[in-house]
Amino acid sequence: MKEPMVLIVDDEKNIRLTLSMALEAINITVDTASTGEEALEKLAEIPFKLMLLDLKLPGMDGLEVLRRVTDKYPNLMTIVITAYGSIEVAVEAMKLGAVDFLQKPFDPKAVRDMVRRVLLSAPEGRPAKKYEYYIGLAKQSINAGEFEVARVYATKAAFLKWNRPEPYNLIGGICEVKGDRQDADKNYRVALDLDPTYQPARKNLERVTSRPYTRMGIAWD
Amino acid sequence: MLLRTKLLLAQVPLALALLVLGAIAITTIGQLGSSSERILKDNYRSVLAAQRMKEAIERMDSAALFIALGRRQEGQELAWRNRSLFEEELETQIKNITEKGEQEASQALLRRWRDYLASYERFVRETDYQVLRNRFFTELLPKFLAVKEGADQILSLNQDAMVRKSDEVRRFSRRLETFITFAAILAALAGIIVSMALTTMIIRPLSVLTQTARRIKEGDLEVRAKVEGSDEIALLAQEFNTMTDSLDRYRKSSLGELLQAQHSSQAAIDSLPDPVVATDLEGKILNANRTAEAWFGPVLSGPLGEAVRPLEPALTAAIKKARKYVLAGKGAYLPSDLEEAVKIVGPEGERYLLTQAAPVYDETGSLAGVSVVLRDVTLLSKLDAMSKSLVATFAHEFRTPLTSLRLAIHILLEQLAATMSERQLDLIYAAREDCERLQNLVDDILDIVRLQSGKLELYRVPIRIFSLMENICDQHRLLAEEQEIMISYSLPPFDEEVFADPERLELVFANLIVNAVRHTPPGGSIEIRARTNRESVRFEVKDTGEGIPEEYQAQVFDKYFQVPGNIRKGTGLGLAIAKNIIEAHGGEIGLESEPGQGSTFWFTLPKTEGQPGG
């Protein structure tokens with residue numbers, strides 16, 4: 001049998017089973033682990049390209065696993081699986097090196113689309129490309145009205161290229177949409193500090209600090 | 001006695017005073033006249049007599065001279081005439097003695113007259129002219145002078161008396177003048193005072209009546225007007241008292257009933273375990289039950305929130321909100337949602353109070369006040385919180401098994417669809433369908449838990465109406481057409497924007513449309529409409545379904561509510577979620593429906609962010 005490409009780490013037997021079958025159906029080979037320790041053992045033996053990691057695990061939790069593997073296996077990409085509504089953990093995971101996140105519940109199509117996209121996004125690609133990739137994902141999510149998801153991607157982008165103004169401008173916009181004017185103001189200022197000529201952030205800052213204030217017309221790019 | 005008579009009698013003293021004064025004046029003036037008359041009668045006659053006597057004696061003297069000169073005949077005639085004249089006057093004088101000393105003077109004159117007459121007789125008998133002349137000068141002339149002097153004496157005596165008496169009369173009349181003046185003033189004063197006193201006495205019953213009426217006006221129906229007599233005022237007072245009697249009787253009877261009613265209603269509200277406070281339109285406390293006083297201290301008639309023990313700000317805000325709702329004329333404020341309950345820390349620990357308010361109308365049917373009930377829903381709230389967290393936990397725990405279940409069914413369908421019999425396929429489709437339903441239920445529950453715990457974060461952006469409605473319609477067209485229902489939309493004249501969270505807004509539309517599809521028979525139609533106002537946009541989802549009976553219309557937005565008698569089609573959460581979302585946007589949601597005529601669900605959204613979630 002061909003060497004498996006994807007490792008599924010989940011304490012739920014049925015999730016492991018169904019996820020495996022969903023991926024195997026599109027000819028992606030998988031292996032599974034039910035705990036963090038087991039996952040680390042398997043990672044030490046086999047060079048997986050992708051790990052689907054549930055963050056909620058008994059014993060060593062998902063974030064800890066992620067912390068241990070990121071530097072050790074630079075070619076391994078990780079998609080974390082989070083429970084509904086736990087965006088903050090997702091952000092943390094992305095900072096720790098996860099490439100994407102999957103919110104429960106999901107259907108086979110969502111899993112397959114994401115796995116395909118991640119595998120095709122050329123793991124060997126340069127960081128600059130990855131950065132554009134996340135900015136793109138963030139903007140897609142904003143257009144779809146999924147601001148929380150967008151924030152995760154924007155944060156990831158900012159993490160990858162700390163000196164670019166775009167992610168902060170996007171985060172600022174998301175803060176504004178959420179009604180948090182102060183954080184928005186802060187993020188726009190960071191964006192402008194990084195690049196004083198960046199027009200969208202300048203426009204947004206002007207609007208945020210103007211009276212009367214209106215949330216209408218956020219400049220995303 | 002009639003009032004007219006009395007008033008007339010009251011004028012009598014004044015008239016009497018005038019009469020007395022007149023009588024005095026007449027008498028005194030009469031006196032004055034009679035005294036002048038007396039002067040005339042007493043003295044004037046004496047003066048006249050004295051003068052006539054003087055004249056007569058002088059003629060006698062002339063007559064004597066005539067005789068002495070030899071004209072005896074003429075002289076004796078003249079003397080004869082004057083002699084009787086003198087004696088007549090002397091007689092008159094002697095009869096008219098009025099003054100002191102007059103008697104003596106008259107007697108002296110009489111004596112002198114007789115003396116003169118005796119000398120005259122002797123003189124006349126003399127025939128010798130020489131002797132005659134001698135006798136005239138030596139005897140007759142001195143006696144003539146003596147008589148004349150005597151008459152003069154009487155004259156002057158009476159003239160003096162006249163002067164004195166006229167002086168007296170003048171003085172008397174001057175005194176009389178003063179006296180009459182004083183008497184007039186006195187009489188006038190006395191008359192006025194007595195008349196006034198009498199009039200006051202007559203009028204006094206009127207002021208008694210007035211005072212009684214005033215006291216009755218102030219509410220003292222025990223008072224009666226005490227007026228004696230039989231005049232018109234007394235009659236009026238009698239009638240007045242009769243009227244007061246019946247008024248008193250009426251008030252006592254209605255007051256009794258009123259008190260009874262008030263007591264029983266007070267007892268009723270006192271027996272309520274929840275605080276009840278009645279306020280007027282301005283928020284002043286009119287009445288409170290025992291529980292309210294036990295909770296907030298003795299309630300004074302002050303503005304709500306300024307009770308002896310100040311209310312907690314959250315409670316004050318809730319009361320204000322409830323009152324505002326009622327004062328806006330929207331009817332009773334009866335929130336059924338326990339989320340509205342306010343937590344306060346009372347003497348018995350934490351309590352949850354749900355503020356309800358009901359309008360109080362006056363007899364004309366206009367709003368007169370607001371009665372506020374603070375329902376103690378502590379137990380219910382705790383149960384509700386428990387059940388909510390239980391539901392949330394369950395819903396959460398459902399996700400993992402559901403995820404694998406869905407994946408399993410999908411994969412099975414993918415891999416085995418070709419090899420399965422039709423009945424096997426039906427079975428697995430049924431499994432998939434129920435899996436989706438379960439999934440929706442879990443999603444809805446978690447949604448509503450999040451919405452109601454206030455954790456709902458809105459991501460609001462301007463959304464253009466035209467494209468929104470087009471998208472919404474497209475998204476649900478398939479679903480509607482599967483049920484043979486026409487779905488269409490009609491746009492407002494101008495493409496405007498609403499300020500809303502797009503994801504949540506889609507959810508609201510989805511819930512309303514799915515609901516409409518469920519309750520509309522095949523062949524029906526669903527129309528989505530929008531109408532713009534100055535500040536908001538009103539969206540409507542109109543169906544041609546079975547409609548909702550009026551008695552259930554108020555409850556359709558409640559959690560887990562389903563119109564009884566219908567087959568359970570949804571989770572009963574969709575409309576509750578929609579309501580939560582719309583209200584978080586500062587909009588309103590409602591419906592118009594008639595059974596058999598279809599339903600129109602509508603909601604409004606602000607165009608700008610002017611209204612944050614409330």
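All figures in this text were calculated on a predicted structure; none of them were measured in a lab.

Colleague: Give a description of the overall build of chain B that names residues and reports values.
Modeller: Per the secondary structure count, chain B includes 13 helices and twelve strands. Across the 614 residues that make up chain B, the buried fraction comes to 40%. Within chain B, counting contacts between residues at least 6 apart in sequence, those at least 24 apart form 65% of the total.

Colleague: Explain the sheet that holds strand 4 (residues 77–82) of chain A to me, and be specific about the residues and the numbers.
Modeller: All names here are of chain A. One open sheet accounts for five strands, arranged 2-1-3-4-5; its pairing is parallel. Each edge of the open sheet carries a strand with a single partner, namely strand 2 (30–33) and strand 5 (100–103). Within the sheet, the average angular offset between the axes of one strand and its neighbour, ignoring direction, is 20 degrees. Sheet topology note: the strand 3 (residues 50–54)/strand 4 ladder contains five bridges and is parallel. Along strand 4, the bridge assignment pairs leucine 53 with valine 80. Sheet contacts for helix 2 (residues 36–45): strand 1 (6–9), strand 2 and strand 3; angle to strand 2, the most-contacted strand, approximately 140 degrees. Set on the sheet, helix 3 (residues 62–70) makes contact with strand 3 and strand 4; between it and strand 3 the angle comes to about 150 degrees.

Colleague: Go over the sheet that holds strand 12 (residues 598–606) of chain B with me, naming the residues and quoting the values.
Modeller: Residue and element names in this part refer to chain B. Pairing is mixed across the open sheet formed by five strands, whose spatial order is 7-9-10-12-11. Whereas interior strands pair on both sides, the edge strands pair on one side only; in this sheet they are strand 7 (486–490) and strand 11 (589–594). Averaged over all neighbouring strand pairs, the angle between strand axes comes to 15 degrees, with direction disregarded. Direction of pairing for strand 10 (residues 536–543) relative to strand 12: antiparallel, over a ladder of seven bridges. Residue pairing across strands places glutamate 540 opposite tryptophan 602, the latter belonging to strand 12. Relative to strand 7, helix 10 (residues 465–482) is tilted by about 175 degrees, and along the sheet it contacts strand 7, strand 9 (525–532) and strand 10. Sheet contacts for helix 11 (residues 502–518): strand 7, strand 9, strand 10 and strand 12; angle to strand 12, the most-contacted strand, approximately 175 degrees.

Colleague: Mind laying out the interface of chain B and chain A, listing which residues take part and the relevant values?
Modeller: The interface is formed by 29 residues belonging to chain B together with 29 residues belonging to chain A. Carbon and sulfur atoms make up 63% of the area that chain B and chain A hide from each other, which totals about 2600 Å². At the junction of chain B and chain A, the tally comes to two salt bridges. Where chain B packs against chain A, one counts four residue pairs in polar contact (both at pLDDT 80 or more). Every element with two or more residues in the side of chain B that touches chain A is listed here: helix 8 (378–416), helix 9 (422–452), strand 6 (461–464), strand 8 (497–500) and helix 11 of chain B. If you tally residues by element for the side of chain B that touches chain A, the top one is helix 8 of chain B, at twelve residues.

Colleague: So what about the packing of aromatic side chains? Which residues, and what values?
Modeller: Under the defined criterion, the tally for this structure stands at 15 aromatic pairs over all chains. A ring pair is formed by tyrosine 133 of chain A and tyrosine 134 of chain A, whose centres lie 5.0 Å apart and whose planes are at 75 degrees; its orientation type is edge-to-face. Residue tyrosine 134 of chain A is classed as buried on the basis of its relative accessible area of 2%. An angle of 85 degrees between the planes, with centres 5.4 Å apart, marks the rings of phenylalanine 509 of chain B and phenylalanine 539 of chain B as edge-to-face. Separated by 30 residues along the polypeptide, phenylalanine 509 of chain B in helix 11 and phenylalanine 539 of chain B in strand 10 bring together distant segments of the chain. A residue is classified by how much of its surface remains accessible, and phenylalanine 539 of chain B, at 0% relative accessible area, is buried. Following the ring pairs from residue to residue traces out a cluster consisting of Phe101, Tyr133, Tyr134 and Tyr153 of chain A. For the cation-ring pair, lysine 161 of chain A lies above tyrosine 131 of chain A, with the distance from its terminal atom to the ring centre recorded as 5.7 Å.

Colleague: Which residues make up the confidence of the model for chain B, and what values go with them?
Modeller: Residue and element names in this part refer to chain B. For chain B, mean pLDDT is 83; residues scoring 70 or higher make up 94% of the total. Taking the mean pLDDT of every element in chain B, the minimum, 76, falls on helix 6 (residues 290–296) and the maximum, 92, on strand 10. Here the predicted complex carries an ipTM of 0.74, next to a pTM of 0.50.

Colleague: Describe unusual backbone geometry, and please don't skip the residues or the numbers.
Modeller: Geometrically, the link from lysine 104 of chain A to proline 105 of chain A is a cis peptide bond, its omega value of -5 degrees lying close to zero. Assignment of secondary structure puts proline 105 of chain A in the loop between strand 5 and helix 5 (108–120). Phi angles above zero are rare outside glycine, and asparagine 27 of chain A is one such case at about 65 degrees. By secondary structure assignment, the location of asparagine 27 of chain A is in the loop between helix 1 (13–24) and strand 2. Residue glutamate 484 of chain B is not a glycine yet carries a positive backbone phi of 60 degrees. Structurally, the position occupied by glutamate 484 of chain B is in the loop between helix 10 and strand 7. By relative accessible area, glutamate 484 of chain B is classed as exposed at 57%.

Colleague: So what about the packing of helix 11 of chain B against helix 13 (residues 574–584) of chain B? Which residues, and what values?
Modeller: Residues and elements named next belong to chain B. Running from N to C, helix 11 and helix 13 cross one another at 145 degrees; their axes reach a closest spacing of 9 Å. Between helix 11 and helix 13 lies a crossing of left-handed hand. Residues Arg504, Leu507, Val508, Asn511, Leu512 and Asn515 of helix 11 lie in contact with helix 13, whose contacting residues are Gly574, Leu575, Ile577, Ala578, Ile581 and Ile582. For the contact of helix 11 with helix 13, the per-class residue count stands at eight nonpolar, three polar and one charged.

Colleague: Break down a nonpolar patch on the surface for me, with residues and values.
Modeller: Residue and element names in this part refer to chain B. Together, Leu390, Phe394, Phe398, Leu438 and Leu441 line one region of the surface with nonpolar side chains, adding up to about 440 Å² of accessible area. Those elements that provide at least two residues to the nonpolar patch are helix 8 and helix 9. Element by element, the count of residues in the nonpolar patch is highest for helix 8, at three residues. Take phenylalanine 394: it is sitting in helix 8.

Colleague: Can you explain the side chain of arginine 72 of chain B? Please cite residues and give values.
Modeller: All names here are of chain B. Along the chain, arginine 72 turns up in helix 2 (residues 72–95). Despite being buried, arginine 72 has no salt bridge partner; glutamate 126 is the closest side chain of opposite charge, sitting 7.7 Å away. Not counting residues up to four positions away in its chain, the partners in contact with arginine 72 are Phe66, Ile67, Val124, Glu126, Thr127, Tyr129 and Leu132.

Reading guide: rules and limits
Residues take numbers from 1 onward in each chain, read along the sequence in its written order. All chains are assigned letters beginning at A, and all ligands numbers beginning at 1, according to the order in which they are written. pLDDT decides what is reported in this predicted model: residues at 70 or higher carry local features, side-chain atom pairs at 80 or more are listed and counted, and totals for whole chains, interfaces and linings draw on all residues regardless. Processing note: side-chain calculations cover all non-hydrogen atoms of the structure and skip hydrogens and water entirely. Helix and strand definitions follow DSSP, with helices as H or I runs of at least four residues and strands as E runs of at least two, each counted in order from the N terminus. Note on classification: 1.4 Å probe, protein chains only; a residue is buried when its accessible area is under 20% of the maximum for its type, exposed when over 50%, partly exposed between these limits. In this analysis, two residues are considered to be in contact whenever any of their non-hydrogen atoms come within 4.5 Å of each other. Only strands that DSSP links by at least two bridges are regarded as paired with each other. Here the axes come from fitting lines to C-alpha atoms, over the contacting stretch only for helices, and the angles between their N-to-C directions go from 0 to 180 degrees. In this description, buried area is defined as the sum, over both parts, of the accessible area (probe of 1.4 Å) that is lost when the two are combined. Should a side-chain nitrogen of Lys or Arg be within 4 Å of a carboxyl oxygen of Asp or Glu, the pair is scored as a salt bridge. Distance and chemistry together define a polar contact, namely a pair of N or O atoms within 3.5 Å, with one atom able to donate a hydrogen and the other to accept it when in protein, and with adjacent residues in sequence counting only for side-chain atoms on both sides. Any Phe, Tyr or Trp ring, taking Trp's six-membered ring, that has another such ring centre within 6.5 Å forms a pair; planes under 30 degrees apart are called stacked, those over 60 apart edge-to-face, and the others tilted. Any Lys NZ or Arg CZ that is within 6 Å of a ring centre and within 35 degrees of that ring's normal is treated as a charge sitting over the ring. Along the chain, pLDDT gives the predictor's confidence residue by residue, from 0 to 100. Crossings are classed by handedness, with left-handed meaning an anticlockwise turn of the near helix from the far one by less than a right angle and right-handed meaning a clockwise turn. Lys, Arg, Asp and Glu make up the charged group, whereas Ala, Val, Leu, Ile, Met, Phe, Trp, Tyr, Cys and Pro make up the nonpolar group; the residues left over, Gly among them, are polar. Each patch is assembled from residues with relative accessible area greater than 30% and no salt bridge, linking like charges that lie within 9 Å and nonpolar side chains (Val, Leu, Ile, Met, Phe, Trp, Tyr) that lie within 5 Å. Accessible areas in this description were obtained via Shrake-Rupley with a 1.4 Å probe; residue shielding takes into account the shown protein chains only. His is not counted, nor are the chain ends; Lys and Arg add positive charge and Asp and Glu add negative charge.

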